[in-house]
Amino acid sequence: MAGRFVRSSKYRHVFGRPTRKEQCYDNVRISKNAWDTNLIKANPEYLAVNWDSSGGGAFAVIPTREKGRLPERIPLFRGHTAVVLDTDWNPFNDSLVASGSDDGKVFLWRVPDDFTLHLDIPADEIEDIAPVGKLSGHPKKVGHVLFNPAAENVLASAAGDFTVKFWDIEAGSSKSAIKVGDVIQSLSWSADGKHLVTTSRDKKLRIWDPRQERPAHEGPGHAGAKSSRAVWLGEHDRIATTGFSRMSDRQLALWDFRAAGEPLGGFQMLDSISGVCMPFWDDGTSMLFLAGKGDGNIRYYEYENDAFEYLSEYKSADAQRGFAFVPKRGVNLHENEIARGYKTVNDSYIEPISFIVPRRAETFQEDIYPPTVGLKPAVSSKEWFGGADGVPPKISLEGLYDGSGAKEVPADQLPVKKAPEPVKAPEPKKEIVQPAPASKPALISPPPSMKEQGVGMAAAASKFQDAEPAEESGDESPFEEVQKPVERTCAAKPAPLDARQEPRAFSPVKASTVEVPQPKPSSPSQAEAEPTTDKDVNEVTAHPESQDSIDREIKNLKALVAQQSRQLSTLTKTLSELVAEVKTLKSA
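Residues numbered from 1 in each chain as written. Predicted model: local features only at pLDDT ≥ 70, side-chain atom pairs only at ≥ 80, totals over all residues. Heavy atoms only, no water.

- By the naming in an unreviewed UniProt entry, the protein chain goes by Coronin and is assigned to Exophiala mesophila.
- Regarding the protein chain, the UniProt comment filed under Sequence similarities (unreviewed entry) reads as follows: "Belongs to the WD repeat coronin family."
- Per UniProt, the protein chain carries the Subunit (unreviewed entry) text "Binds to F-actin." (UniProt positions renumbered as here; feature names shortened; annotations may be inferred.)

A look at empty space enclosed by the protein
Right, so step 1: Counted according to the given criterion, the structure contains three cavities of 30 Å³ or more.
Right, so step 2: Estimated volume of the largest cavity: approximately 110 Å³.
Right, so step 3: Residue lining of the largest cavity: 15 residues in total, with Ser200, Lys203, Lys204, His222 and Ser228 positioned closest to the centre.
Right, so step 4: For the lining of the largest cavity, the secondary-structure elements that each account for two or more residues are strand 17 (196-200) and strand 18 (204-209).
Right, so step 5: In terms of residue class, the lining of the largest cavity is built from three nonpolar, eight polar and four charged. (1 Å grid on protein atoms, 1.4 Å probe; cavity = no way out; pocket = protein on both sides within 12 Å on 5 of 7 lines; lining within 4 Å. Points joined across faces, edges and corners; volume = space filled by probe spheres on them. Helix = DSSP H or I, 4+ residues; strand = E, 2+ residues; numbered from the N terminus. Nonpolar A, V, L, I, M, F, W, Y, C, P; charged D, E, K, R; others polar.)

Describing the packing of aromatic side chains
Right, so step 1: Inspection of every chain in the model, using the stated rule, returns 27 aromatic pairs.
Right, so step 2: Pairing Phe59 with Phe77 gives two aromatic rings, centres 5.3 Å apart and planes at 25°, and the pair type is stacked. Separated by 18 residues along the polypeptide, Phe59 in strand 5 (residues 57-63) and Phe77 in strand 7 (residues 77-80) bring together distant segments of the chain.
Right, so step 3: Taking 5.8 Å as the distance between ring centres and 80° as the angle between the ring planes, the aromatic pair formed by Trp189 and Trp384 counts as edge-to-face. One end of the pair, Trp189, is in strand 16 (residues 184-189); the other, Trp384, is in helix 1 (residues 381-385), with 195 residues separating them in the sequence. Accessibility classification places Trp189 together with Trp384 in one group, the buried group.
Right, so step 4: An aromatic cluster of at least three residues, connected via ring pairs, comprises Phe280, Phe289, Tyr300, Tyr314, Phe323, Phe325 and Phe355.
Right, so step 5: Over the aromatic face of Trp384 sits the side chain of Arg211, whose NZ or CZ is 4.6 Å from the ring centroid.
Right, so step 6: Taking NZ or CZ as reference, Lys226 lies 5.2 Å from the ring centre of Phe244, over its face. (Phe/Tyr/Trp six-rings, centres within 6.5 Å; stacked < 30°, edge-to-face > 60°. Buried < 20%, exposed > 50% of the residue type's maximum accessible area, 1.4 Å probe, protein only. Lys NZ or Arg CZ within 6 Å of the ring centre and 35° of its normal.)

Points about the environment of Gly234
Right, so step 1: As for its placement among the helices and strands, Gly234 is situated in the loop between strand 20 (229-232) and strand 21 (238-244).
Right, so step 2: As a C-alpha pair, Gly234 and Gly284 span 50 residues in sequence and 9.0 Å in three-dimensional space.
Right, so step 3: Once residues lying within four places of it in the same chain are set aside, the contact partners of Gly234 are Ser190, Ala191, Trp281 and Asp283. (Contact = heavy atoms within 4.5 Å.)

Here's the deal with the sheet that holds strand 7
Right, so step 1: Ordered in space as 3-4-5-7, the four strands form an open sheet in which the pairing is antiparallel. Single-partner strands in this sheet number two, and they are strand 3 (40-42) and strand 7. Each adjacent strand pair in this sheet contributes to an overall mean axis angle of 20°, direction not counted.
Right, so step 2: As paired elements, strand 4 (residues 46-50) and strand 5 share five bridges and run antiparallel to each other. Note that in strand 5 the partner of Val49 across the bridge is Ala60. (Pairing = 2+ DSSP bridges. Axes fitted to C-alpha atoms, helices over the stretch in contact; angles between N-to-C directions.)

Some points on the UniProt feature "repeat: WD" (unreviewed entry) in the protein chain
Right, so step 1: Within this numbering scheme, the UniProt entry marks residues 77-111, 135-177 and 184-218 as carrying the feature "repeat: WD" (unreviewed entry).
Right, so step 2: For residues 77-111, the helix share is 0%, the strand share is 63%, and the end-to-end C-alpha distance is 9 Å.
Right, so step 3: When the span residues 184-218 is considered, its composition is 0% helix and 63% strand, and the gap between its end C-alpha atoms is 14 Å.

Structure below.
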């Protein structure tokens, strides 16, 4: 017995490893604001956490090395006059962070050198951190901020006025903006920073060319009323979205950026939990992580052949409201850690979750750590607003593994990712009518009525009726004559029938070559299929080899009856389903 086929993958056995409580970040005060955001953002050096504070809005920055219980009083990044709704780290500067607030402002902050939360000074002498830049232009709250992953110092901010502005933070001004038309629920950049995807409350999925200030695509997304999220799959021309169906079931969908009219493979149902699913993409492993708000589970999939292959699920009894992943250059390479996430638990502490490939290794694992994006951008902000774009240069993680430092990988040494072909809408097939062979006429649809079938079978059977007079003149049909053949007088005695060919009741057989006689021939070729005269029958019975032809025709008749029976059965089943559906609709 053949074994079950198992898909080959380096990440098939990846597991999530929790962290002991003493190694978590305890005594934090997560913001309790109801705005739908991830609450936390991470880079290899720091965590930015939306903080529950009085006297205006604030967020905290926690150095990743300072684990354990935090002091009661810590320096906060304070300056907004209303609650902070979202933060984001600059991908090319680990000390620069942006924040958006309910006051309609976007602030820029720089983490001081040697920043620490454990200060040897009295609590009332601890000073908060002030912003280094202010970006004003939104009349309503700023719910999302997101740095461009390829261009230096380019920031997108989405606000309650249903617009997304694109800022040159070096100049301190907005150079372009797009009008979405409804509350923006999520946004995500492509890897080259050329396009932006948004989801909104009007259940639309939009793909934008920010510098042209117009959508490249606009179409329906998830049909549910709850929040939908989108994430660009790195350097692929694909987008993953999470949302809800009309029946409030959580869904996952994959979209082709160049033909986003409908998801590839349709909407995949996940479960019936009510919490929003936060999607995260890891470009190095081509893995998609789904962290649910309000539950402690984290599913992860591998993207392959335009589909998400389910790998496993990290389960925990501790629910999370916020979640963030650290860039690949921040993982622990010596423990085969391919990803690390940070989850908020009970709004009181932050727990790191490590996703590890279980293998024994004492050297750098090049196959699970391909080159990744470093700290060098592809273009400057001026070049990007001028129309330039590109993918940032990659670095080898081997230098971080052995301590020699990150080294840039030349473009000609990078593995080439083959872009999948764009999915095109299926073209309507042109029906080509071909003349059927004379020996294999096609069945006519819809099938003939029962009366016509009886007439056709009687006519076919009468063609082979014995020419000799029957001993008993009854109302027996020609089929009974076939079942009990009468021995004929022939020049040479025909060979007896094989025991396996013993006449029996008709049974379903596979139809091969079936000639369907019609009661009313519509062409000369069909007219020739009429029953033959007694003279023809005598000529047939005068030759022994005609017995084989009779057997073949009998089998053909059986096949015809079986095929027509199947058609009738299918029609009856369809009719029953329609009747049941009508009854259901009437009762509703």
